[in-house]
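# Notes for the structure review
If you want the building blocks of each chain, they are given just below.
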Amino acid sequence: MAEKSFHVAVAGATGAVGNQMIACLEERNFPLKSLKLLASARSVGKTLKFRGEAIPVEELKENSFSNVDIALFSAGGGTSLKFSPAAAKSGCVVIDNSSAWRMDPDIPLVVPEVNAHAIAQYKTKGIIANPNCSTIQMVVALNPIHRRYRIKRIVVSTYQAVSGTGQKAIVELLEQTRAFLENRSLEKKVYPHRIAFNCLPHIDVFLENGYTKEEMKMVNETRKIMEDESIAVTATTIRVPVIYSHSESINIETEEPISAADVRELLQDAPGVKVVDDPAANRYPMAIDAAGQDLTFVGRIRKDESIANGINMWVVADNIRKGAATNAVQIAEILGKNYL
């Protein structure tokens, strides 16, 4: 029996995540009949390479999705709210990378290593939501532990790369770094404060409860993906002067007794996880090593000596790949294989 193949569109194709989606489709040899690249009107006339072919970028419109089976969206929340329903109405299944649909109870929020079964719910609205990048890597690392030892509480602090904000933030970091080293004045356009040689405890807007929207995304998305509203989650998200890969310091408290050795053994064979945990040899996950990779790296696994059933760990993953594009393509692979 011949392998199924699909007509695929990428909306927001010229952005950092859109570009990576195209690369992932090629790297993973996704079974394609055709690839349509969509972006705003100002990108029309550009071409992007796919499998050695230059594919023209077309303007994203509501009628862009006729004869498209799967659309990968990474064009921002407003664009997704406008165009995703039209795409779904045309019979296309949307996998959306924005925050627009994540907490809609009728739309599955999916990390394939954690809740691939939820993809089946796509039929309700024709849309599948891709979680926040910082949430994805955390639940990949924690889900195996939760299934075995039941996590009661999560305390997470993130150290997030500027690429999470977009290409303009990468340029700002590089330009500010050059200016600082050359003793020139620094310009701030993307962030409210200098990001070069600095850390900003501020990602997204502040809410009435004092947390940022990014922090509350981690709280709410974690519970939805892990299908357990009883998990207590608190987060502090920090922007750091790193280009690619988010790092996270995670503390968990479990219902069942747990040791660092238990966690290492459990994660050694966990899907999508690579344990790098040999402090004596200075081996632990680092952003520069995770960049360009699709795995979630876990290290610094150690007992929290302040409570009975506690573990500390350090988790790192490429925010553009596993935190966005790769996760979306993995969803598309399962969708195509099992449901279309």
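Details of the structure are given in the entry above.
This report concerns the structure included in the present document. Model, not experiment: these values are computed from the prediction. (Residues numbered from 1 in each chain as written. Predicted model: local features only at pLDDT ≥ 70, side-chain atom pairs only at ≥ 80, totals over all residues. Heavy atoms only, no water.)

## Observations regarding the overall build of the protein
- Secondary structure assignment for the protein yields nine helices and 13 strands.
- In terms of overall dimensions, the protein is globule-like: its C-alpha atoms have a radius of gyration of 20 Å, near the 20 Å expected for 340 residues.
- Seen along its three principal axes, the alpha-carbon backbone of the protein occupies a region of about 60 × 60 × 40 Å.
- For the protein, the residues scored as buried account for 52% of the 340 residues in total.
- Looking at the protein alone, contacts between residues at least 24 apart form 66% of all its contacts between residues at least 6 apart.
- Once the 39 positive and 39 negative side-chain charges of the protein are each reduced to a mean point, those two points are 4 Å apart. (Helix = DSSP H or I, 4+ residues; strand = E, 2+ residues; numbered from the N terminus. Rg over C-alpha atoms; globule rule 2.2 N^0.38 Å. Buried < 20%, exposed > 50% of the residue type's maximum accessible area, 1.4 Å probe, protein only. Contact = heavy atoms within 4.5 Å. Lys, Arg positive; Asp, Glu negative; His and termini not counted. Charge placed at Lys NZ, Arg CZ, Asp CG, Glu CD.)

## Remarks on the environment of Lys274
- Inspection of the secondary structure assignment puts Lys274 in strand β11 (residues 273-275).
- In this structure Lys274 comes out as partly exposed when scored by relative accessible area, which is 41%.
- Sequence spacing of Lys274 and Ile258 is 16 residues, and the spatial spacing of their C-alpha atoms is 20 Å.
- Once residues lying within four places of it in the same chain are set aside, the contact partners of Lys274 are Leu295, Thr296, Phe297 and Val298.

## Remarks on the state of the cysteines
- In the structure shown here, the tally under the stated rule is zero disulfides.
- Cys92 takes part in no disulfide bond, and the closest cysteine sulfur, belonging to Cys24, lies 18 Å away.
- Residue classification places Cys92 among the buried positions, given a relative accessible area of 2%. (Disulfide = S-S within 2.5 Å.)

## What to know about the packing of helix α4 (residues 133-149) against helix α7 (residues 260-268)
- Where α4 meets α7, the closest approach of the two axes is 10 Å, and the angle between their N-to-C directions is 115°. Relative to α7, the crossing made by α4 is right-handed. Listed contacts from α7 to Ala141, Pro144, Ile145, Arg148 and Tyr149 of α4 are Asp262, Val263, Leu266 and Leu267.
- Class assignment for the residues of the contact of α4 with α7 results in seven nonpolar, no polar and two charged. (Axes fitted to C-alpha atoms, helices over the stretch in contact; angles between N-to-C directions. Left-handed = near helix turned anticlockwise from the far one by under 90°. Nonpolar A, V, L, I, M, F, W, Y, C, P; charged D, E, K, R; others polar.)

## Some points on the nonpolar core
- In this structure, Phe65, Leu142, Ile145, Ile154, Ile250, Ile252 and Met313 are the most contacted members of the largest nonpolar core, which totals 52 residues.
- The element best represented in this core is α4, accounting for eight residues.
- Contacts of Ile145, omitting those with residues within four sequence positions, involve Arg150, Ile151, Ile252, Thr254, Ile258, Val263, Leu266, Leu267 and Met313.
- Counting 35 residues, the second largest nonpolar core, distinct from the first, contains Leu25, Ile95, Ile320 and Ala325. (Core = buried A, V, L, I, M, F, W, Y, C linked by side-chain atoms within 4.5 Å.)

## As for the packing of helix α1 (residues 16-27) against helix α9 (residues 321-338)
- In contact at an axis separation of 9 Å, α1 and α9 are set at 50° when each is read in the N-to-C sense. Judged by the inter-axis angle, α1 sits oblique to α9. Every pair of crossing elements has a handedness; the one defined by α1 and α9 is right-handed. Within the contact between the two elements, α1 uses Val17, Gln20, Met21, Cys24, Leu25 and Glu27 and α9 uses Arg321, Ala324, Ala325, Thr326, Ala328 and Val329. (Parallel < 35°, antiparallel > 145°, perpendicular 65-115°, else oblique.)

## Describing a nonpolar patch on the surface
- Taken together, the side chains of Phe180, Leu181 and Phe197 define a hydrophobic patch exposed on the protein surface, amounting to about 330 Å² of accessible area.
- Within the secondary structure, Phe180 is located in helix α5 (residues 167-181).
- For Phe180, a relative accessible area of 37% translates into the label partly exposed. (Patch = residues over 30% accessible without salt bridge, like charges linked within 9 Å, V, L, I, M, F, W, Y side chains within 5 Å. Areas by Shrake-Rupley, 256 points an atom, 1.4 Å probe, with all protein chains shown as cover. Salt bridge = Lys/Arg side-chain N within 4 Å of Asp/Glu carboxyl O.)

## Quick word on the environment of Ala141
- Looking at where Ala141 falls in the secondary structure, it is placed in helix α4.
- Using a relative accessible area of 0% as the deciding quantity, one classes Ala141 as buried.
- Apart from residues lying up to four places away in sequence, Ala141 is in contact with Leu267, Val273, Val298 and Val315.

## Observations concerning the pairing of strand β1 (residues 6-11)
- Where burial is concerned, most of β1 is hidden: six out of the six residues are buried.
- Alternating residues of β1 divide into Phe6, Val8 and Val10 and His7, Ala9 and Ala11, and every residue in both groups is buried.
- By the bridge criterion, six bridges tie β1 to strand β2 (residues 32-39) in an arrangement that is parallel. Bridged to Val8 within β2 is Leu35.
- The β-α-β motif built from β1, the intervening α1 and the parallel element β2 has right-handed crossover chirality. (Pairing = 2+ DSSP bridges. Right-handed = clockwise from strand over helix to strand, strands pointing away.)

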